[in-house]
Amino acid sequence: MASRALLSRASRIKTKLETVLEAALLEVEDVSYQHAGHAAVKDSGANETHFNVSIVSSKFEGQTLVKRHRMVYELLSDELQSGLHALSITAKTPKEAAINISSKNS
């Protein structure tokens with residue numbers, strides 16, 4: 001990606017996941033500020049190191065939770081090798097997301 005330096009890590013994560021997993025819903029939250037004082041972050045001087053990702057995709061149908069996480073990690077492997085330190089993933093199918101939403105509204 002030629003414009004890699006111009007895009008934030010959050011934008012790159014969003015683009016990769018939306019494109020390949022055809023996400024119906026995608027939230028990418030940079031929580032790096034919560035870890036700013038940790039030794040690994042402080043010593044490296046890196047920014048955008050910790051993210052929470054919530055994704056709903058029909059591509060997760062029939063996949064175990066472990067397989068879903070592997071799919072996300074594979075897509076973001078270059079980010080993980082270039083400073084992304086931690087990723088919290090919530091990965092659901094549209095059906096699972098609908099059940100979750102309806103149970104919260106009850």
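Anything mentioned here points back to the structure above.
Throughout what follows, the structure given in this document is the object of discussion. (Residues numbered from 1 in each chain as written. Predicted model: local features only at pLDDT ≥ 70, side-chain atom pairs only at ≥ 80, totals over all residues. Heavy atoms only, no water.)

**Concerning the pairing of strand 3 (residues 86-92)**
Along a regular strand, successive side chains alternate from one face of the sheet to the other.
(1) Moving on: Burial along strand 3 is one-sided: Leu87, Ile89 and Ala91 are buried, and none of Ala86, Ser88, Thr90 and Lys92, which face the opposite way, are.
(2) Moving on: By the bridge criterion, seven bridges tie strand 2 (residues 50-56) to strand 3 in an arrangement that is parallel. Counterpart to Ser54 in the pairing with strand 3 is Thr90. (Buried < 20%, exposed > 50% of the residue type's maximum accessible area, 1.4 Å probe, protein only. Helix = DSSP H or I, 4+ residues; strand = E, 2+ residues; numbered from the N terminus. Pairing = 2+ DSSP bridges.)

**Observations concerning the side chain of Thr93**
(1) Moving on: The residue Thr93 is located in the loop between strand 3 and helix 5 (94-105) in this model.
(2) Moving on: In contact with Thr93, not counting residues within four places along its chain, are Val56, Ser57, Phe60, Glu61 and Arg68. (Contact = heavy atoms within 4.5 Å.)

**A closer look at the nonpolar core**
(1) Moving on: Grouped together as the largest cluster of nonpolar side chains are 16 residues, with contacts concentrated most on Ile13, Leu17, Leu21, Ile55, Phe60, Val72 and Leu87.
(2) Moving on: Mapped onto this core, the elements with two or more residues apiece are helix 1 (9-21), strand 1 (25-30), strand 2, helix 3 (65-75) and strand 3.
(3) Moving on: Filtering out sequence-adjacent residues up to four positions away, Leu87 remains in contact with Phe51, Val53, Val72, Tyr73 and Leu76. (Core = buried A, V, L, I, M, F, W, Y, C linked by side-chain atoms within 4.5 Å.)

**A word on the sheet that holds strand 2**
By way of backbone hydrogen bonds, the strands of a sheet pair with one another, either parallel or antiparallel.
(1) Moving on: Pairing is mixed in the open sheet, where three strands are placed in the order 1-2-3. Across the chains shown, the open sheet's two edge strands, defined by having one partner strand only, are strand 1 and strand 3. Along the sheet, successive strands turn relative to each other by an average axial angle of 10°, direction set aside.
(2) Moving on: Pairing of strand 1 with strand 2, which is carried by six bridges, proceeds in the antiparallel orientation. (Axes fitted to C-alpha atoms, helices over the stretch in contact; angles between N-to-C directions.)

**Thoughts on the packing of helix 1 against helix 3**
(1) Moving on: Orientation of helix 1 relative to helix 3, taken along the N-to-C sense of each, is 125°, at an axis distance of 10 Å. As judged from the angle between their axes, helix 1 and helix 3 are oblique. Judged by the twist between their axes, the crossing of helix 1 over helix 3 is right-handed. Across from Lys16, Leu17, Val20 and Leu21 in helix 1, the residues of helix 3 making contact are Met71, Val72 and Leu75.
(2) Moving on: Each residue belonging to the contact of helix 1 with helix 3 can be placed in one class, and the counts come to six nonpolar, no polar and one charged. (Parallel < 35°, antiparallel > 145°, perpendicular 65-115°, else oblique. Left-handed = near helix turned anticlockwise from the far one by under 90°. Nonpolar A, V, L, I, M, F, W, Y, C, P; charged D, E, K, R; others polar.)

**Thoughts on the side chain of Arg9**
(1) Moving on: Mapped onto the fold, Arg9 is located in helix 1.
(2) Moving on: A residue is classified by how much of its surface remains accessible, and Arg9, at 6% relative accessible area, is buried.
(3) Moving on: Among the polar contacts made by the side chain of Arg9, one reaches the side chain of Glu79 at a distance of 2.6 Å.
(4) Moving on: For Arg9, the residues in contact, after removing those within four places along its chain, are Asn47, Glu48, Phe51, Glu79, Ser82, Gly83 and Leu84. (Polar contact = N/O pair within 3.5 Å; in protein donor to acceptor, adjacent residues only side chain to side chain.)

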